[in-house]
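Spelled out, the chains give:
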Amino acid sequence: TVRSVQALEILDSRGRPTLATTVTTSKGASFRAGVPSGASTGSGEAVELRDRDPARYGGAGVLTATANVNGAINDALAGQEFSDLAQLDQTLIALDGTDNKSALGANAIIGVSMAAARAFAATADLALWQYLTPAGVTPALPAPHFNVVNGGAHAPNKLDFQEFMLAPLGLPSYAEAVRAGAEVYAALKARLGKAGHATGLGDEGGFAPDLDRPEEVLETIVAAITDAGYTPGTDGVAIALDPAASEFYRDGSYHVAGQTLSSDDMIGYYASVVAQFPIWSIEDGLAEDDDDGWVRLTQTLGAKIQLVGDDNFVTNPTIIAEAVRRGVANAALIKVNQIGTVTETLEALTVCRDAGYAAMISHRSGETEDSFIADLAVGSGCGQIKSGAPARGERVAKYNRLLEIAAQNPDLPYRR
Ligand code: PGA
Ligand code: ZN
């Protein structure tokens, strides 16, 4: 039984307001969650409610969402008993009443859902990852994807591609993968410094050198992998990209590194960098509304590498199911606040599993110290997580929670 639900306006990792949410049970135990927030958001995401009061935080305050938790949501949940998280989430969805959570705010709802998941896990005497493991699914430690070079909406440099990630797929354990990520990150910092580049950090903790050609970044990363003593490629440390192409798509063209490219130019470009560099996965290679381009991209590269839908899928089970039918991508990025409840996030993962699509659990560029997604990654058994660089507290909170789960559960398989 829920005793109360409360929220507080706190700061995220970018210094913008977000919510810290607490669910207290009738036994007096409290469970917290921190709500993440994106910068390069898909247009179909559940609505993040901002106050739009220019006098506070440039309009980005979340006092309305906070009041919705402390008022309407608390009124609906306090004193009620729920058999499981699905039932509680259904109550939140019905209370909101819209199909994009714009009435109460997805930021109000997701924090309650996450904190409630922790309460249900504790009541069942389970670790959160155990509670989040669906029947018939084998939990597993995921392969970490460390975002070590930041561009696009996450850094003030001239790089158009948003994320360059290290994927230590060839390492034998999660802990060794973390070590490889951190060692290559250090080698990359040294290499960038020697080449005279600034080694300041972007929003996700990756370096933000003033390079504009993705090939230059890729060459530097491959060299850093070798410097650190690892083999570039899926046998050692591979690379994953998130160009976040919606951000540089205007008037039907892609504007990247000073060029204006068509969808087919972009597909040809990706085919060429995949042939030159150890890239195993590309997320949002094309824009969210370039659906025909996505189908051709999938036909061209889908048998070779992983193609992940983020802005176009927005963790929405219905949208992913439709994309499967149309042959768009072969994997989905999973972000809890894109859809707004943990239950619907688990449904999106089920759609992926049933369709043979891979899934990667993801943080947002605006984060808190909450490590919920680490448990979600293990419980879903999906085998992949991205949580930024192996640096900055809000990023390593997730990687460190996974180290803890790995140490406490030596029999958990490491899936990659
Ligand atoms: P966001 O970026 O959290 O700013 O949306 C992450 C991503 O695009 O994957
Ligand atoms: Zn993305």
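Computed from a prediction, not measured in an experiment: that's the story for all the values here.

Visitor: Break down the overall build of the chain for me, with residues and values.
Guide: Across its full length, the chain holds 13 helices and 14 strands. Out of the 416 residues in the chain, the part that is buried amounts to 60%. Considering only contacts in the chain between residues 6 or more positions apart, those separated by 24 or more positions represent 70%. Of the accessible surface of the chain, which amounts to about 15,200 Å², a share of 49% is contributed by carbon and sulfur atoms. Here the chain holds 31 positive side-chain charges and 51 negative ones, and the gap between their average locations is 4 Å.

Visitor: A description of the environment of alanine 78 should follow, citing residues and the corresponding values.
Guide: Within the secondary structure, alanine 78 sits in the loop between α1 (63-77) and α2 (85-96). Residue classification places alanine 78 among the partly exposed residues on the basis of a relative accessible area of 27%. Taking the C-alpha atoms as reference, alanine 78 lies 33 Å from leucine 402; in sequence the two are 324 residues apart. Once residues lying within four places of it in the same chain are set aside, the contact partners of alanine 78 are Val2 and Arg3.

Visitor: Break down the coordination of the zinc ion (ligand 2) for me, with residues and values.
Guide: Bound to the zinc ion (ligand 2) on the protein side are Asp242 (OD), Glu283 (OE) and Asp310 (OD), at distances that span 2.0 to 2.2 Å. In primary sequence terms, the donor set of the zinc ion (ligand 2) follows D-x40-E-x26-D. Of the two residues, aspartate 242 is situated in strand β6 (residues 238-242) and glutamate 283 in strand β10 (residues 279-283); the sequence distance between them amounts to 41 residues. The buried category is assigned to glutamate 283, whose relative accessible area is 1%.

Visitor: How would you sum up unusual backbone geometry? Please name residues and give values.
Guide: With the exception of glycine, the majority of residues adopt a negative phi angle, and the majority of peptide bonds are in the trans configuration. A positive phi is found at lysine 101, a non-glycine position, where the angle reads about 60°. Mapping lysine 101 onto the fold places it in the loop between α2 and α3 (106-123). In this structure, aspartate 251 takes a positive phi of about 55° despite not being glycine.

Visitor: A description of the UniProt feature "binding site: substrate" (unreviewed entry) in the chain should follow, citing residues and the corresponding values.
Guide: If you check UniProt for "binding site: substrate" (unreviewed entry), the listed places come out as His154, Glu163, Glu283, Asp310, Ser362, His363, Arg364, Ser365 and Lys386 in our numbering. Here serine 365 falls in the buried class, since its relative accessible area comes to 3%. Within the structure, serine 365 has its side chain in polar contact with the side chain of arginine 14 (distance 2.8 Å). As for its placement among the helices and strands, lysine 386 is situated in strand β14 (residues 384-386). Excluding residues that lie within four positions of it along the chain, lysine 386 makes contacts with His145, Glu163, Met165, Asp242, Glu283, Leu333, Met360, Ile361, Ser362, His363, Ile373 and Tyr399. In terms of polar contacts, lysine 386 uses its side chain to reach the side chain of glutamate 163, at 2.8 Å.

Visitor: I'd love a proper account of the site of ligand 1, names of residues and values included.
Guide: If you check the shell around ligand 1, you find 15 residues, and the closest are Ala39, His154, Arg364, Ser365 and Lys386. Between ligand 1 and the protein, one listed contact pairs an oxygen atom with a side-chain N or O atom of lysine 386 at 2.6 Å. Its free accessible area being 280 Å², ligand 1 has 100% of it covered by the protein chains. Along the lines of polarity and charge, the residues of the shell around ligand 1 split into 2 nonpolar, 5 polar and 8 charged.

Visitor: Explain the confidence of the model for the chain to me, using residue names and the numbers behind them.
Guide: Mean pLDDT over the chain stands at 98; residues scoring 70 or higher make up 100%. Predicted as a complex, the structure gets a pTM of 0.98 and an ipTM equal to 0.99.

Visitor: Requested: an account of the UniProt feature "active site" (unreviewed entry) in the chain, with residues and values cited.
Guide: On the UniProt side, "active site" (unreviewed entry) is annotated at positions that read Glu204 and Lys335 here. On the secondary structure map, glutamate 204 appears in the loop between α5 (174-194) and α6 (214-227). The contacts of glutamate 204, once residues within four sequence positions are left out, are Asn147, Asn150, His154, Glu163, His363, Arg364, Ser365, Gly388, Ala389, Arg392 and Arg395. Relative to the assigned elements, lysine 335 resides in the loop between β12 (331-334) and α10 (336-339).

Visitor: Give me the lowdown on the pairing of strand β13 (residues 358-362), citing residues and values where you can.
Guide: Of all the 5 residues making up β13, 4 are buried; the element is thus mostly covered by neighbouring parts of the structure. Sheet topology places β12 next to β13; 4 bridges connect them, and they run parallel. For alanine 331, the partnering residue across the bridge sits in β13 and is alanine 358. Remark: the β13/helix α12 (residues 372-380)/β14 crossover connection has right-handed handedness.

Visitor: Give a description of the nonpolar core that names residues and reports values.
Guide: One finds Ile73 and Ile221 to be the most contacted residues of the largest nonpolar core, which totals 122 residues. With 10 residues, the single largest contributor to this core is α3. Isoleucine 73 has contacts with Val5, Asn68, Leu92, Leu95, Leu104, Ala108, Ile109 and Val112, leaving out every residue within four places of it along the chain.

Visitor: An account of the packing of aromatic side chains is requested, with residue identities and associated values reported.
Guide: Inspection of the entire model under this criterion finds 10 aromatic pairs. Three or more aromatic residues joined by ring pairs make a cluster, and in this case those are Phe161, Phe164, Phe248, Tyr249, Tyr254, Tyr269 and Tyr270.

Each value, and the rule that gives it
Residues numbered from 1 in each chain as written. Chains lettered and ligands numbered in written order. Predicted model: local features only at pLDDT ≥ 70, side-chain atom pairs only at ≥ 80, totals over all residues. Heavy atoms only, no water. Helix = DSSP H or I, 4+ residues; strand = E, 2+ residues; numbered from the N terminus. Buried < 20%, exposed > 50% of the residue type's maximum accessible area, 1.4 Å probe, protein only. Contact = heavy atoms within 4.5 Å. Areas by Shrake-Rupley, 256 points an atom, 1.4 Å probe, with all protein chains shown as cover. Lys, Arg positive; Asp, Glu negative; His and termini not counted. Charge placed at Lys NZ, Arg CZ, Asp CG, Glu CD. Donors = N, O, S within 2.8 Å, 3.2 Å for Na, K, Ca; no water. UniProt positions renumbered as here; feature names shortened; annotations may be inferred. Polar contact = N/O pair within 3.5 Å; in protein donor to acceptor, adjacent residues only side chain to side chain. Near = heavy atom within 4 Å. Nonpolar A, V, L, I, M, F, W, Y, C, P; charged D, E, K, R; others polar. pLDDT = per-residue confidence, 0-100. Pairing = 2+ DSSP bridges. Right-handed = clockwise from strand over helix to strand, strands pointing away. Core = buried A, V, L, I, M, F, W, Y, C linked by side-chain atoms within 4.5 Å. Phe/Tyr/Trp six-rings, centres within 6.5 Å; stacked < 30°, edge-to-face > 60°.

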